Each structure stands twice: as C-alpha cells, then as structure tokens.
Amino acid sequence: MQVPAPFEYERATSVEHAIGLLERLGSEARVIAGGHSLLPMMKLRLAVPEYLVDINDLEGELSYVRQADDEFRIGALTRHRHLLESDELAAAFPMFRDAEKVIADPVVRNRGTLGGSLCQADPSEDLSAVCSTLDASCVIRGPGGERVVSMHDFHRGPWETAVDDGELLIEVRIPVRPGGGSAYEKVERRAGDWAVVSAGAAVWMDGDTITEGRVGLAAVGPNTASVAGAADALRGQEASEDLYVEVGRIAAESCDPRTDQRGSAEYKRHLAAELTVRALRRSVQRATTREA
Amino acid sequence: MQVTVTVNGTEQVRDVEPRMLLVHFLRDELGLTGTHWGCDTTNCGTCVVWVDDEPVKSCTTLAAMCSGHTVRTVEDLEQDGELDPVQQGFIECHGLQCGFCTPGMLMTARALLDRNTDPTEAEIREAISGQICRCTGYATIVRSIQWAAGQSAVSAMATTNGGQA
C-alpha cells in the first residue's frame, strides 16, 4: 500500500492567500493542483513535503485560455482536458492538441494542469517541450510582485524550476506571430506513457521561406529546452526535405539520451532525428495550408 | 483534519489524516467497497469515481482535496433497484469476467455517455484508455458501452413518442 508520509494540508482561497501561505510555510511547502505528478512521488516517498497548499479552488482566477493581441495567455490551473478541447489554442498552435492527445489518459487529463506539468519539470514531460518550442514565458508571482521568465530560464534542471519558495506560477504566455505552424511527435511504449522521445517543431513562414523555426525535445536530456542549433539552421531557409533531415541531425547530435528501460541511447538519438523531421514536415504543411 | 464530502448525495463528515487517499476514504471510512483499489499508481483506473461530475482516479486524489465537493461512486449507478444502462450492458454483452476493473469502467462509461450519447467505437476506446482490463481484451467492454448507448437512444425515442416506441 502506497501512502504519502504525513503532512499538513492547507487550502488556498485566493492567489494572494496561496502566496501568503507559501511564504509563511517556507521551503518545506509544496503546491498541489491536479496532484497527478506530485502525489505519485509522495506515495513513493520520493517527495516528502511537510505542507501541501491546495490551489484547486482557484480555478476562477487561474483557469483560462485568453487570446490577447499578440500572445495567448493561459492560466496555470488550466487542466489538460480544457487545453485539449480549446479550438482557439489548437488553431493557433496545433502542437498543443497533438501533445495533449498523447498525455496520460482522459481521466488523468481531467485533473492534471499546465502549471503543474511545467513546475514538475520532468525532463520527459510533454507540455514543457511544447512550451519550450513555442518560446513561451512564465509569469511567477510572489510577495514582491510578478516576474516573467522565459522557458529557457524557467527550467533549471530535472525537477528544478525558477519558482522560489513563496512564489506561484500563475500564467503561461505564448507569442503569436503570423505564418506559424507547429506539430508534436511522440513515441511511447504504450498509450498514455511517458515519452521514449518526443519532438516538437514550430515554424513561421513567409511564402516558402522559414523566417524562424524552433525545435524542442523531451526525454533526451536534463531538460526540454529548445535546440539552439536548430533555430540557426532553419532561419531564412527554404523549406525542403533536405533541410528537415539536416535539422534532425543537429537535434540528434545536440541531445544527451541515456540508455534505460525505455530504450538504448542510440535508439533514442535515432528517434530524436526522425521525430524532428516529421514534426518539421507537418509544421511547414500546417503553416502553408493552415491545416489544423 | 475534518473533511465534509457529499458522497452519492449524502453529506459525510469524518476526521481523517490529510494524507488519506480518496480511495481509502471511500472504502475504509465509508465502507463503499464497490470502488476498487488496484495498481495504486494512476494506471489501472479501477478506482475511478466522479468528483464534481468528472471521472478521476481516487488513488491519486486526497480525501482532503474533496472536502466541500461531491463524489459519486459505482454504488450510485443503480437507482431504485434499477440498474443503470451501462451496468445492464455489461451483463448483456459479457463486459466483465473477473470484475476487478468493472467499477472504474462503469463510471468512465457513464460519464462518456452523459457527454456523448452516440459515441463511435474509437471514442469509446479513447474514453476507457485510462483503464486496464486483463480478462476481456476490451472487445466486450466496448460492446457493453455500445449496448448502453443504444438503450439511451431507445429511451429517448420512447420519451419523444410518448412511450410508443
């Protein structure tokens, strides 16, 4: 029987209240939202917080998908199911729906949240790769106010983020630029599992030319940061199969997969290349035809 | 800590440890053993119950998180001695052998049919993809849910036809 170690439970009634609780309780407090990453870790005693601050009652403040002028703003407590079902999000960033379809299963998606996924900072986590690929930024609120950090700075390493004690991730912002297309490709051992390897791609096109492009990988390194070399290789290039293969090669070389029960490092490197090619191909297709 | 949870329409007040999982609250505190406790790792789905009308895995939910909320378990499907169509469907189409996965399957199926009265086979398979059955190979479970969907269509027709269908 797996049961978490004892802890004290507090329920936040507002974002301000949550931040006050987190500030008062200090480094031994953890935020619980959907709980579908944290509770399994607590049951295995891999995580042993002294306090849990439950923010599930803050849906009114923290659950939304809003389109502003040049960006999408998504509340941290927005659940996977709502991200999956959001047509406006899928229209702007098709890779969100690609990824959400293969995250866990529908029952888990009823509870798990965007903010929880990013704050878990698991190197295999799909939405972290999506947000890295889309050049998202994270709004973190603390007692002293808000700060905005890029996904690059948000993830400091496995299970480690820029969110300090007394702070709460409240929103994720994704820039919208014209001519965009994106796609997410995942290989998993069975439905709903963690990725063996995932690759996300996003391109912004002017005619047949990729003005900007980004690639993000999951499960092949300490974090899901986007592949810097891929952006350089894509910038200003005509879209072509040769280009996708070249960027796939760069992605595979840049990553650092480990042999484990999900596959050998060699196999994962092969997947990183192939999934990058497929994701780029679909991104360009979507950018040029606006196919969802 | 004291928790107040409305379970199957009845308010339940209990003093529990904050670390108590919902599945143990239901089974051990309330004696509602229809909800099964399976893999304990959020994978098998036999512990699925509804929290605020949405299916969730009760092995990965704290009872404390449900305080002030409503929970519906498999015991609530039967109403006034009459089985829910999904329960009847599992009987008609042999949707279970050992029965261990059944409570979670039933609650997920009922939630699916409440949102989508005429699901395709693919939609049914997607809906139950968070549940594991080791007996049936899923074919009879899918058929059972299709049977239940058909019954809903029949009863809807009966209502619109003034019971003449």
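In case you missed it, the structure is sitting above this.
These lines cover the structure that appears in this document, whether it is placed above or below.

Definitions and cut-offs
Residues numbered from 1 in each chain as written. Chains lettered and ligands numbered in written order. Predicted model: local features only at pLDDT ≥ 70, side-chain atom pairs only at ≥ 80, totals over all residues. Heavy atoms only, no water. Pairing = 2+ DSSP bridges. Helix = DSSP H or I, 4+ residues; strand = E, 2+ residues; numbered from the N terminus. Axes fitted to C-alpha atoms, helices over the stretch in contact; angles between N-to-C directions. Contact = heavy atoms within 4.5 Å. Parallel < 35°, antiparallel > 145°, perpendicular 65-115°, else oblique. Left-handed = near helix turned anticlockwise from the far one by under 90°. Nonpolar A, V, L, I, M, F, W, Y, C, P; charged D, E, K, R; others polar.

To continue, consider the sheet that holds strand S5 (residues 70–72) of chain B. Residue and element names in this part refer to chain B. Strand order in the open sheet formed by 5 strands is S2-S1-S5-S3-S4, with mixed pairing between adjacent strands. Edge positions in the sheet fall to strand S2 (10–15) and strand S4 (54–57), since each of these pairs with one other strand and no more. Each adjacent strand pair in this sheet contributes to an overall mean axis angle of 40°, direction not counted. Of the pairings in the sheet, the one linking strand S3 (residues 48–51) to S4 comprises 4 bridges and is antiparallel in character. Bridge pairing in S4 links Trp50 to Pro55. Helix H3 (residues 102–115) rests against S3, S4 and S5 of the sheet, and its axis sits at about 40° to S3.

One non-glycine residue, Trp159(A), lies in positive phi territory at about 60°. With respect to the helices, strands and loops of the structure, Trp159(A) is situated in the loop between strand S8 (155–157) and strand S9 (160–161). Despite not being glycine, His94(B) shows a phi value in the positive range, around 55°. Within the secondary structure, His94(B) is located in the loop between helix H2 (85–92) and H3.

A few words now on the packing of H2(B) against H3(B). When two helices pack together, their arrangement is given by the angle between the helix axes and the distance between those axes. All names here are of chain B. One way to put it is that H2 packs onto H3 with a least axis distance of 9 Å and a crossing angle of 125°. Taken together, the axes of H2 and H3 lie oblique to each other. The element H2 and its partner H3 pack so that their crossing is right-handed. The segment H2 lies against H3, with Pro85, Val86, Gln87 and Phe90 engaging Thr102, Met105, Leu106, Ala109, Arg110 and Leu113. Each residue belonging to the contact of H2 with H3 can be placed in one class, and the counts come to 7 nonpolar, 2 polar and 1 charged.

As far as function goes, none of this settles anything; it's purely spatial.
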